[in-house]
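Here is how the chains run, residue by residue.
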Amino acid sequence: MCIHIVEADDLPAIAVWDPDEVTILVSRGTHPHDLIRELHAILAIDLGAPNLPGAGLRCFCGEPVELPTALASAIAGAPTL
């Protein structure tokens, strides 16, 4: 089963893995650079997803992880990435 990314309010960190829902909850309003770094750490380090430079975020099954539209738009428009 592939991982889903969902925005949430009042999280204790930028991104939190929820194994029961196979979901990574991400804090609204996080700077895109910090968010990508946290998502990569959870996926590659904690969950053993493949770390393929330039391939974007990948699930532990190897499939691309899709960001919610609002997050994808914010990241695409971020000049610091």
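The paragraphs below set out a description of the structure included in this document. (Residues numbered from 1 in each chain as written. Predicted model: local features only at pLDDT ≥ 70, side-chain atom pairs only at ≥ 80, totals over all residues. Heavy atoms only, no water.)

## A few points about the environment of Val65
In step 1: Note that Val65 resides in the loop between α1 (32-46) and α2 (69-76).
In step 2: In the structure, Val65 is positioned 26 residues away from Leu39 in sequence and 10.0 Å away in space, judged by C-alpha atoms. (Helix = DSSP H or I, 4+ residues; strand = E, 2+ residues; numbered from the N terminus.)

## Let's talk about the packing of α1 against α2
In step 1: In the contact formed by α1 and α2, the axes pass within 9 Å of each other and the chain directions differ by 115°. The chirality of how α1 crosses α2 is left-handed. When α1 is examined against α2, the residues Pro32, Leu35 and Ile36 are found in contact with a partner set consisting of Leu71, Ala74 and Ile75. (Axes fitted to C-alpha atoms, helices over the stretch in contact; angles between N-to-C directions. Left-handed = near helix turned anticlockwise from the far one by under 90°. Contact = heavy atoms within 4.5 Å.)

## With respect to the nonpolar core
In step 1: In terms of nonpolar packing, the biggest core is built from 16 residues, with Ile5, Ile24, Val26, Leu39 and Leu43 touching the most fellow members.
In step 2: Mapped by element, the contributors of at least two residues to this core are β3 (23-27), α1 and α2.
In step 3: Tallying contributions element by element places α1 first for this core, with 4 residues.
In step 4: Not counting chain neighbours up to four residues away, the residues in contact with Leu39 comprise Ile5, Ala15, Ile24, Val26, Leu57 and Leu67. (Core = buried A, V, L, I, M, F, W, Y, C linked by side-chain atoms within 4.5 Å. Buried < 20%, exposed > 50% of the residue type's maximum accessible area, 1.4 Å probe, protein only.)

## Here's the deal with α1
In step 1: The end-to-end C-alpha distance of α1 is 20 Å, a good match for the 21 Å that 15 residues give at a rise of 1.5 Å each.
In step 2: Taken together, the buried positions of α1 are occupied by Pro32, Leu35, Leu39, Ile42, Leu43 and Ala44.
In step 3: Turning to α1, the residues buried within the fold contact β1 (4-8), β2 (15-18), β3 and α2. (Expected span 1.5 Å × (residues − 1).)

## Structural notes on the pattern of salt bridges
In step 1: If you walk through the whole model with that rule in mind, you get 3 salt bridges.
In step 2: A salt bridge links Arg28 to Glu7; its shortest N-O distance comes to 3.6 Å. Linking Arg28 in the loop between β3 and α1 with Glu7 in strand β1, this pair joins segments that are 21 residues apart in sequence.
In step 3: Its relative accessible area of 44% is what places Arg28 among the partly exposed residues.
In step 4: Put simply, Asp9 and Arg28 hold a salt bridge, and the shortest N to O gap is 3.0 Å. Separated by 19 residues along the polypeptide, Asp9 in the loop between β1 and β2 and Arg28 in the loop between β3 and α1 bring together distant segments of the chain.
In step 5: Salt bridges sharing partners connect three or more residues here, namely Glu7, Asp9 and Arg28. (Salt bridge = Lys/Arg side-chain N within 4 Å of Asp/Glu carboxyl O.)

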